[in-house]
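Chain residues, written in single-letter form:
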Amino acid sequence: QVQLVESGGGLVQAGASLRLSCAASGRTFSRGFLGWFRQAPGEEREFVATIRWSGGITYYAGSVKGRFTISRDNAKNTVYLQMNSLKPEDTAVYYCAASAGQLGGSIHPQHYDYWGQGTQVTVSS
């Protein structure tokens, strides 16, 4: 099965940038997709972005669109989340997820089969 490991989180000031990485091991699927989610204390897990393994189709939550960019490097089995213009409300644990499903992507956590352990992103004001 697929194993996902996130990295790149940290403590930054508002307006700064971070790039999160998600290294995948195990098989990937041509019809599968990847996603980033986040969860702040006391909040539900929130969709951030999704991308297909083998296509350029992406979709973003309205709260991050224009600031965050999801991408993947299939040769490195890695998906990235470039986060620019970070805001305090972006503070959360960020999770990478993968699906072997047939959709081009999904905003719903239940559509994802594999999850990383998360990486903490803290944005101070």
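Everything that follows concerns the structure shown earlier in this document.
Below: a short report on this structure. Keep in mind it's a predicted model, so treat the numbers as computed, not measured. (Residues numbered from 1 in each chain as written. Predicted model: local features only at pLDDT ≥ 70, side-chain atom pairs only at ≥ 80, totals over all residues. Heavy atoms only, no water.)

1. Here we look at the overall build of the protein
The number of helices and strands found in the protein is zero helices and eleven strands. Element order for the protein, N to C, with α for helix and β for strand: β-β-β-β-β-β-β-β-β-β-β. Over its C-alpha atoms the protein spans a radius of gyration of 13 Å, differing by no more than 12% from the 14 Å that the globule rule assigns to 125 residues. Taken over the C-alpha atoms alone, the protein extends approximately 40 × 25 × 25 Å along its principal axes. Buried residues in the protein amount to 41% of all 125 residues. The contacts of the protein with a sequence gap of at least 6 include a subset with a gap of at least 24, amounting to 58%. (Helix = DSSP H or I, 4+ residues; strand = E, 2+ residues; numbered from the N terminus. Rg over C-alpha atoms; globule rule 2.2 N^0.38 Å. Buried < 20%, exposed > 50% of the residue type's maximum accessible area, 1.4 Å probe, protein only. Contact = heavy atoms within 4.5 Å.)

2. A closer look at the state of the cysteines
One pass over the full model with this rule turns up one disulfide. Here Cys-22 pairs with Cys-96 through a disulfide, and the sulfurs are 2.1 Å apart. Residues Cys-22 and Cys-96 are joined by a disulfide whose S-S torsion is about -85°; by sign, that bridge is left-handed. Of this pair, Cys-22 sits in strand β3 (residues 18-25) while Cys-96 sits in strand β9 (residues 92-99), placing them 74 residues apart in sequence. A relative accessible area of 0% means that Cys-96 is categorised as buried. (Disulfide = S-S within 2.5 Å.)

3. Looking at the pattern of salt bridges
Scanning the entire structure with this criterion turns up three salt bridges. For Glu-46, the salt bridge identified is with Arg-38, shortest N-O distance 2.9 Å. With relative accessibility at 5%, the residue Arg-38 sits in the buried group. (Salt bridge = Lys/Arg side-chain N within 4 Å of Asp/Glu carboxyl O.)

4. Notes on the pairing of strand β8 (residues 78-83)
Most of β8 is tucked away: five of the six residues are buried. Note that β3 and β8 share six bridges and pair antiparallel. Counterpart to Cys-22 in the pairing with β8 is Val-79. Judged from the six bridges that link them, strand β7 (residues 68-73) and β8 form a sheet pairing that is antiparallel. The residue of β8 that forms the bridge with Phe-68 is Met-83. Two successive antiparallel strands, β7 and β8, enclose a turn made up of four residues, where Asn-77 displays a positive phi of approximately 55°. (Pairing = 2+ DSSP bridges.)

5. Details of the sheet that holds strand β1 (residues 3-7)
Ordered by their spatial adjacency, four strands build an open sheet running β1-β3-β8-β7, and the pairing between neighbours is antiparallel. In this open sheet, the two strands that pair with only one neighbour each are β1 and β7. Across this sheet, the average inter-strand angle for adjacent strands is 15°, counted without regard to direction. (Axes fitted to C-alpha atoms, helices over the stretch in contact; angles between N-to-C directions.)

6. With respect to the side chain of Arg-67
Tracing the backbone shows Arg-67 in the loop between β6 (58-60) and β7. With residues near it in sequence (within four places) discarded, Arg-67 still touches Gln-82, Met-83, Asn-84, Ser-85, Leu-86, Lys-87 and Asp-90.

7. Some words on the packing of aromatic side chains
What characterises a pair of aromatic rings is the spacing of the ring centres plus the angle enclosed by the ring planes. Within this structure, the stated rule accounts for six aromatic pairs. Between Phe-37 and Tyr-112, the aromatic rings sit 5.1 Å apart at their centres with planes inclined by 85°, giving edge-to-face as the arrangement. Of this pair, Phe-37 sits in strand β4 (residues 33-39) while Tyr-112 sits in the loop between β9 and β10 (114-115), placing them 75 residues apart in sequence. Grouping residues by exposure puts Phe-37 and Tyr-112 together as buried. Here the aromatic residues Phe-33, Phe-37, Phe-47, Tyr-59, Tyr-112 and Trp-115 are joined through ring pairs into a cluster of three or more. (Phe/Tyr/Trp six-rings, centres within 6.5 Å; stacked < 30°, edge-to-face > 60°.)

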